[in-house]
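# Results of the structural survey
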There are 2 protein chains.
Amino acid sequence: MTPAAAVDEAEFRARCRRAQALMAQEGLSALMLTTEADIAYLTGFRTRFWESPTRPWFLLLPHEGEPVAVVPEIGADLMGRTWVEDVRTWPAPHYTDDGVGLLGASLSDMVPAGGAIGLPSGQGTHLRMPLDDWAALRERLPDRRFGSDAGVMRRLRMVKSEAEIALIAAACATANRAFARLPEIAAAGVPLGDVFRRFQILCLEEGADRVAYLAGGAGRDGYTDVISPASNRALEAGEVLMLDTGLERGGYFCDFDRNISLGPASPSAAAAHSRLVEATRAGFERARPGATASELFHAMQAMLGSGTDGAKVGRYGHGLGLQLTEPPSLHPDDHTVLAPGMVLTLEPSVELGPGRMMVHEENIVIRDGPAEWLSTPAPDRLRTV
Amino acid sequence: MTPAAAVDEAEFRARCRRAQALMAQEGLSALMLTTEADIAYLTGFRTRFWESPTRPWFLLLPHEGEPVAVVPEIGADLMGRTWVEDVRTWPAPHYTDDGVGLLGASLSDMVPAGGAIGLPSGQGTHLRMPLDDWAALRERLPDRRFGSDAGVMRRLRMVKSEAEIALIAAACATANRAFARLPEIAAAGVPLGDVFRRFQILCLEEGADRVAYLAGGAGRDGYTDVISPASNRALEAGEVLMLDTGLERGGYFCDFDRNISLGPASPSAAAAHSRLVEATRAGFERARPGATASELFHAMQAMLGSGTDGAKVGRYGHGLGLQLTEPPSLHPDDHTVLAPGMVLTLEPSVELGPGRMMVHEENIVIRDGPAEWLSTPAPDRLRTV
């Protein structure tokens, strides 16, 4: 796949124009971006080389005009194949100036004295450059104001284009096919580590570019948590196995799970699954433009009964796209108003007892009118092998 | 696999004691860690949940005594299963105080007024928390000094224990077996995207926990770069295919590549491969305690001839371990003195023409006396299918 094949140059340009319109409202002279997802969003630059922490990468978007990429020489060729024309490079790693001089000069040209440079600074963001270099950059430009991007990137990225929705849908369809094949790999006696390994193979066979995320658990009446890596304990008859995957197609994630029972499920696990599926349906019904993330949380919560408030997991779903998890959170305090094009997970969870919980997750897109399933919704009856 | 099964509690404790000895030298009252690798290094906490950017995670190490984990509730169970006893949690995501209050109170108890809190701040590091929260934390503790960790974590992590070396060796052996099976998947007519997908399957079949990194390229006289994702262009007879993988076993990476020719190679590609292998051997011979990273660069450079100075790629190898790439860099300006236990890649590259290059990579560990190969070194003759 060529970098971000399904998103064309016109769309990248339109994203920059939308960013610039928001920047004007917020009084920002430039955006400074440092992370994989933010840079990919405006450029289409995709590489697994982000796995290496050695080199910083920068994209600058002025309040008008074209973006400027400031990147290590090793990335010049690949960045040169995106729509970005102004690609500035330095030989990295560098031991006295690892791009800070070039970045500072670029910002100095772009931003007038007193001008504001916005960086994503809120929940779920970070600055991907060394703190020493961050300090050195600000020292170089004492009369520019570095601060928050006022949520510009968050607001832009939260609403997906049709091209993005198609990529997420392709990832979801891939995971659907892999989950359909779970009976091939899940059986009593198989170590959970082998199940994890084989499930990643299924995802790749079904077309995943990579399996960025896989978590899961197993137990008789649910599992202890939803973020553990696989143990080598063998699965046992009567246990519920949960696998939660964030695989990637064309740079975009899906993020949903499936529960499956190894032989007849315990009554409490079967009942919990049924309640969880009902809760996702309730969330789906509530998921219309104008509803808030908080309202979706409460719509699901109402189906789960008392004593379960999502406190342990912290929320009942979230956005997704270029990242496994994105804003908003389906959380009582998140009052983000849903809009057409937002892609969400619905992810209610219940506790079955001390240290025992179950979680169910689906992916949807907000449309004018009713939402649309991106994952094929699971039946309320817990699947059994 | 249980979290970091091969590293026992005694080793984690010893790492903390070594960190504290260095902290005493540097006058640090506490270390504040926020990234996956740094936190895993001192705790054994492993989860693919780091893929989600929503939640920050913190580990504090006081200048004496035990570490304190400050983590979202969703991670309490998993962190509770590590050797760390003091695990403090908050319900995340949180919309008014996403852990900053708890983190600040913990630091306030741990660090006296005027005391220094060290954070990894040099090349290859970043702070994994939102800038807004970083500012709020410093405002809460105006009389503590936040600054660099003076390279404490870098120095510690650069020298691997036998347990770590065994995990990296297991990752290398897994990749060796996958590369041996390259003829099963590489042939003229196969799209590069399919080769990438199938190679990840081979890695998983051979025992990888996950295939975190895969890059590669193909072309008649080399490839354009070494960081691109796969295109869907079909491979052609006479091309050289390069795959470079960083797969993971028990939380530790390998990082090496293999070149293979689809039918008889062009004379220039065959000669380049031979020179690259000679260069890795020259680097291997030079790789003894007391030699510097820079000297290894020059030992390899001497075999590659003029007109090739590694400028595009930037270095001829690097450390590896919990991350795909770690310090030091085999670079003319990196004068890190090699010590037993350091694990390195040797990664010379040559240009064959405008936009055409080849790279070869092996993994080694520095020992008293000669180094030891962790990857099975490739023969100088370019392999052909």
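Residue positions are given per chain, counting from 1 as you read along its sequence in written order. All chains are assigned letters beginning at A, and all ligands numbers beginning at 1, according to the order in which they are written. Totals for whole chains, interfaces and linings use every residue, but because this is a predicted model, local features are given only for residues with pLDDT of at least 70 and side-chain atom pairs only at 80 or more, for both listing and counting. Hydrogens and waters are ignored; side-chain quantities use all the structure's heavy atoms.

All names here are of chain A. If you check the domain split of chain A, you get domain 1 (9–157) and domain 2 (159–384). Residue ranges for the domains trace back to a domain assignment, done automatically or taken from a database. Each of domain 1 and domain 2 has a C-alpha centre, and these two points are 33 Å apart. Residue-level contacts link 11 residues of domain 1 with 18 residues of domain 2. Two parts lose some accessible area (1.4 Å probe) when they are put together, and adding that loss for both gives the buried area. Taken together, the two surfaces of domain 1 and domain 2 that pack against each other cover about 1100 Å², and 40% of this comes from carbon and sulfur. In terms of surface lost to domain 2, no three residues of domain 1 exceed Arg46, Arg154 and Arg157, which account for 46% of the buried area on that side. We define a salt bridge as a side-chain nitrogen of Lys or Arg found within 4 Å of a carboxyl oxygen belonging to Asp or Glu. The tally of links between domain 1 and domain 2 comes to 2 salt bridges. Across the salt bridge formed by Glu326 and Arg157, the nearest N and O atoms sit 3.0 Å from each other. Two N or O atoms count as a polar contact when they lie within 3.5 Å, although within protein this holds only if one can serve as hydrogen donor and the other as acceptor, and sequence-adjacent residues are included solely when both atoms are side-chain atoms. Seen at the junction of domain 1 and domain 2, the total is 7 residue pairs in polar contact (both at pLDDT 80 or more). Helix and strand definitions follow DSSP, with helices as H or I runs of at least four residues and strands as E runs of at least two, each counted in order from the N terminus. The set of elements that each furnish at least two residues to the side of domain 1 that touches domain 2 consists of helix H1 (9–26), helix H2 (36–43) and helix H6 (152–158). Per-element tally for the side of domain 1 that touches domain 2: the top contributor is H6, with 4 residues. Throughout, the ten residues Ala, Val, Leu, Ile, Met, Phe, Trp, Tyr, Cys and Pro are labelled nonpolar, Asp, Glu, Lys and Arg are labelled charged, and all others, Gly among them, are labelled polar. A class-by-class count of the residues in the side of domain 1 that touches domain 2 yields 4 nonpolar, no polar and 7 charged. Any two residues having at least one pair of non-hydrogen atoms within 4.5 Å are treated as being in contact.

Our focus in this paragraph is the relation of the copies chain A and chain B. All copies are superposed by least squares; the fitting set is the C-alpha atoms of residues with a pLDDT of at least 70 in both. Structural alignment of chain A on chain B gives an RMSD of 0.0 Å, achieved by rotating through 180 degrees and translating 0.0 Å along the axis. The symmetry that links the two subunits is that of a two-fold axis. Within chain A, A:Ile201 has its C-alpha nearest the rotation axis, a separation of 2.7 Å. A high fraction, 100%, of the interface residues of chain A reappear at the interface in chain B, so the copies pair face to face through one surface.

Residues and elements named next belong to chain A. Burial classes: relative accessible area under 20% of the type maximum marks a residue as buried, over 50% as exposed, and values in between as partly exposed (1.4 Å probe, protein chains only). Of all 5 residues in strand E2 (residues 58–62), 5 are buried, a share of seventy percent or more. Whether two strands pair comes down to DSSP finding at least two bridges between them. In this structure, strand E1 (residues 30–33) lies alongside E2, joined through 4 bridges in antiparallel fashion. Considered in E2, the bridge of Leu33 is made with Leu59. Here E2 runs beside strand E3 (residues 68–72); their pairing, made up of 3 bridges, is antiparallel. When the bridges of E3 are listed, Phe58 appears paired with Val70.

We now examine the packing of aromatic side chains. The aromatic pairing rule takes the rings of Phe, Tyr and Trp, using the six-membered ring of Trp, and pairs them if the centres are within 6.5 Å, calling planes under 30 degrees apart stacked, those over 60 edge-to-face and the rest tilted. Under the counting rule described, the total for this entry stands at 20 aromatic pairs over all chains. Here a set of aromatic residues connected by ring pairs shows up, and it is made of A:Phe45, A:Phe49, A:Trp50, A:Trp57 and B:Tyr213. Geometry around B:Tyr41 places B:Arg15 over its ring, the cationic atom sitting 4.3 Å from the centre. The ring of B:Phe179 carries the charged tip of B:Arg258 above its face, separated from the ring centre by 6.0 Å. Consider the ring centre and the ring normal. A charge sits over the ring if Lys NZ or Arg CZ is within 6 Å of that centre and within 35 degrees of that normal.

This part takes up the interface of chain A and chain B. Across the boundary between the two partners, chain A contributes 74 residues, which contact 74 residues of chain B. Interface of chain A and chain B: buried area, both sides summed, is about 6500 Å²; carbon and sulfur atoms make up 52% of it. On the chain A side of the interface with chain B, the three residues burying the most area are A:Arg48, A:Tyr95 and A:Ile227, jointly 12% of the side's total. On inspection of chain A and its partner chain B, the count reaches 4 salt bridges. When the shortest N-O distance is used, the salt bridge between B:Arg81 and A:Asp225 registers 3.4 Å. Secondary structure elements with two or more residues in the side of chain A that touches chain B: helix H3 (76–80), helix H5 (131–140), helix H8 (192–205) and strand E7 (210–219) of chain A.

Okay, the pattern of salt bridges next. When the charged atoms of two side chains lie near each other, side chains of opposite charge can form a pair. Counted according to the given criterion, the structure contains 54 salt bridges over all chains. Measuring nitrogen to oxygen at the nearest pair gives 3.9 Å for the salt bridge that ties B:Asp194 to B:Arg198. On the criterion of helical spacing, the pair formed by B:Asp194 and B:Arg198 is a turn pair, its members being 4 residues apart in helix H8 (residues 192–205). Judged by relative accessible area, B:Arg198 falls into the partly exposed class, the value being 37%. When salt bridges with common partners are traced through the structure, they connect A:Arg177, A:Arg181, A:Glu184, A:Glu205 and A:Glu206 into a single cluster.

Turning to the packing of helix H4 (residues 100–110) of chain A against H5(A), a few remarks are in order. Residues and elements named next belong to chain A. The axes used here are C-alpha line fits, helices contributing only the stretch in contact, and every angle between their N-to-C directions lies in the interval 0 to 180 degrees. One can describe the packing of H4 onto H5 by two numbers: an axis separation of 10 Å at closest approach and a directional angle of 40 degrees. Accordingly, the angle class assigned to the pair H4 and H5 is oblique. Taken as a pair, H4 and H5 cross one another with a handedness that is right-handed. On the side of H4, the interface is formed by Val100, Gly101, Leu103, Gly104 and Leu107, while H5 contributes Asp133, Ala136, Leu137 and Arg140. A per-class count over the contact of H4 with H5 returns 5 nonpolar, 2 polar and 2 charged. In what follows, roughly perpendicular refers to angles from 65 to 115 degrees, roughly parallel to angles under 35, roughly antiparallel to angles over 145, and oblique to any angle outside these ranges. By definition, turning the near helix anticlockwise from the far helix through less than a right angle yields a left-handed crossing, and turning it clockwise yields a right-handed one.

We now examine the environment of B:Val195. Residues and elements named next belong to chain B. Within the secondary structure, Val195 is located in helix H8. On the basis of relative accessible area, Val195 is assigned to the buried category, the value being 0%. Separated by 16 residues in sequence, Val195 and Val211 place their C-alpha atoms 14 Å apart.

Bringing the sheet that holds strand E1 (residues 30–33) of chain B into the picture now. Residues and elements named next belong to chain B. With mixed pairing, the 6 strands of this open sheet are ordered in space as E4-E3-E2-E1-E5-E6. Of all strands in the sheet, those with a lone pairing partner are strand E4 (86–90) and strand E6 (145–148), marking the two edges. The mean angle between the axes of side-by-side strands here comes to 25 degrees, regardless of whether they run parallel or antiparallel. Contacts from helix H5 (residues 131–140) reach E1, strand E5 (116–119) and E6 within the one sheet, and its direction differs from that of E6 by about 130 degrees.

Residue and element names in this part refer to chain A. With mixed pairing, 6 strands are arranged side by side in an open sheet as E4-E3-E2-E1-E5-E6. The two strands at the open ends of the sheet, each matched to only one other strand, are strand E4 (86–90) and strand E6 (145–148). Between one strand and the next, the sheet's axes are offset by a mean angle of 25 degrees, whatever the strand orientation. Running at roughly 130 degrees to E6, H5 makes contact with E1, strand E5 (116–119) and E6 of the sheet.

With that out of the way, let us pick up unusual backbone geometry. Residues and elements named next belong to chain A. Across the junction of Pro327 and Pro328, the peptide omega takes the value 0 degrees, indicating a cis bond. Along the chain, Pro328 turns up in strand E12 (residues 326–329). One non-glycine residue, Ala150, lies in the positive phi region at around 60 degrees. Inspection of the secondary structure assignment puts Ala150 in the loop between E6 and H6.

Across 2 bridges, strand E11 (residues 318–319) of chain B lies against strand E12 (residues 326–329) of chain B in antiparallel orientation. Looking across to E12(B), one finds that B:Gly319 is bridged to B:Glu326.

A word on H5(A). Inspection of H5(A) places A:Leu131, A:Asp133, A:Trp134 and A:Leu137 among the buried residues, and these make up the whole buried set. Taken down its axis, H5(A) places every buried residue within 160 degrees of arc, on the same side. Considering only its buried residues, H5(A) is in contact with E1, H4, E5 and E6 of chain A together with E5 and H5 of chain B. Relevant arc is that of directions from the helix axis to the C-beta atoms, nothing else.

The subject of this paragraph is the environment of A:Met242. Residue and element names in this part refer to chain A. Position of Met242 relative to the elements: it lies in strand E8 (residues 240–249). Linking Met242 and Ser231, residues 11 residues apart in sequence, is a C-alpha distance of 13 Å. Residue contacts for Met242: discarding those within four places in its chain leaves Ala215, Gly216, Gly217, Tyr223, Val226, Asp257, Arg258, Asn259 and Val359.

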